[in-house]
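Fold and contact review
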Amino acid sequence: VRLNGVAVTDRAGNTRSNFSSDEQIGLKMTYEVIQPGRTLWLGYNLSNQYGVEVFDTHSVSTPLYRQPHEKGCYIATSWIPARLLNTGSYLVGAAIFNHQEQLIHCHEREVVSFHVYDDPAVATARGLSAEELPGAVRPWLDWTIEKQAV
């Protein structure tokens, strides 16, 4: 297996390094399978500017997670939901592996980076607060508030 590239993209497929907090962010891996028949797992490690690991994600939601790859070139993209990450800089590591076989075909640490910012024209999870919110993530969660009957 050969890792050919890793990029950070928007929904239109454009490679970018700056994203508004209300945008989805694509982590795109291109790789080539030279010898067919291996079950390959793909993964990303995301850490923030402070070295805190924000999350790891593996390709468990794809059919090829449980099936051997055929020989050929592949493109795999994982999407970070809009309004999940806090503002700041992020580093991405990429890997192709299979823990059941105890094989790590490649693991490139800090191979690409990107920055998340707040667009002042867009509502964010920070709301009207002038200060940054702490935490590795800053999700926009659905809330309900109901007045109780007395």
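Thresholds, definitions, all that
- Residues numbered from 1 in each chain as written.
- Predicted model: local features only at pLDDT ≥ 70, side-chain atom pairs only at ≥ 80, totals over all residues.
- Heavy atoms only, no water.
- Helix = DSSP H or I, 4+ residues; strand = E, 2+ residues; numbered from the N terminus.
- Buried < 20%, exposed > 50% of the residue type's maximum accessible area, 1.4 Å probe, protein only.
- Contact = heavy atoms within 4.5 Å.
- Areas by Shrake-Rupley, 256 points an atom, 1.4 Å probe, with all protein chains shown as cover.
- Lys, Arg positive; Asp, Glu negative; His and termini not counted.
- Charge placed at Lys NZ, Arg CZ, Asp CG, Glu CD.
- Polar contact = N/O pair within 3.5 Å; in protein donor to acceptor, adjacent residues only side chain to side chain.
- Pairing = 2+ DSSP bridges.
- Patch = residues over 30% accessible without salt bridge, like charges linked within 9 Å, V, L, I, M, F, W, Y side chains within 5 Å.
- Salt bridge = Lys/Arg side-chain N within 4 Å of Asp/Glu carboxyl O.
- Axes fitted to C-alpha atoms, helices over the stretch in contact; angles between N-to-C directions.

1. Digging into the overall build of the protein
Check the secondary structure of the protein and you find zero helices and eight strands. In sequence order, the secondary structure elements of the protein are arranged as β-β-β-β-β-β-β-β. Seen through its C-alpha atoms, the protein measures out along the principal axes to roughly 65 × 40 × 30 Å. Looking at the protein residue by residue over its 150 residues, the buried ones come to 33%. Long-range contacts, defined here as pairs at least 24 residues apart, represent 68% of the contacts in the protein between residues at least 6 apart. For the protein, the accessible surface area stands at approximately 9,600 Å², while carbon and sulfur atoms represent 50% of it. For the protein, the separation between the mean place of its 12 positive charges and that of its 16 negative charges on side chains is 5 Å.

2. Topic: the environment of Tyr90
Among the secondary structure elements, Tyr90 is positioned in strand β7 (residues 88-98). Counting along the chain gives 13 residues from Tyr90 to Leu103, while the straight-line C-alpha distance between them is 27 Å. Setting aside residues up to four positions removed in sequence, Tyr90 forms contacts with Leu46, Ser47, Asn48, Val54, Leu85, Val112, Ser113, Phe114, Val116 and Ala136. At a separation of 2.7 Å, a polar atom in the side chain of Tyr90 contacts the main-chain carbonyl oxygen of Asn86.

3. Section: the pairing of β7
When you tally the buried positions in β7, you get nine out of eleven residues, the bulk of the element. The sheet contact formed by strand β4 (residues 41-48) and β7 spans eight bridges and is antiparallel. Its bridge partner lying in β7, Trp41 is registered against Phe97. The pairing of β7 with strand β8 (residues 103-117) spans ten bridges and is classified as antiparallel. Across the sheet, Ser89 pairs through a bridge with His115, a residue of β8. Taking the residues between adjacent antiparallel strands as the criterion, β7 and β8 are bridged by four residues, where Gln102 takes a positive phi near 55°.

4. Examining a nonpolar patch on the surface
Taken together, the side chains of Leu141, Trp143 and Ile145 present a nonpolar region at the surface, about 460 Å² in accessible area. Relative to the helices and strands, Trp143 resides in the segment after β8. With relative accessibility at 70%, the residue Trp143 sits in the exposed group.

5. Some details on the sheet that holds β4
One open sheet holds the five strands; their spatial order is β2-β8-β7-β4-β5, and the pairing between them is mixed. The outermost strands of the open sheet, each flanked by one partner alone, are β2 (18-20) and β5 (53-58). Across the sheet, the mean angle separating the axes of adjacent strands is 30° when strand polarity is ignored. Relative to β8, β2 runs parallel, the two sharing three bridges. In the sheet register, Phe19 faces β8, and the bridge partner there is Val116.

Read these as spatial facts, not as claims about activity.
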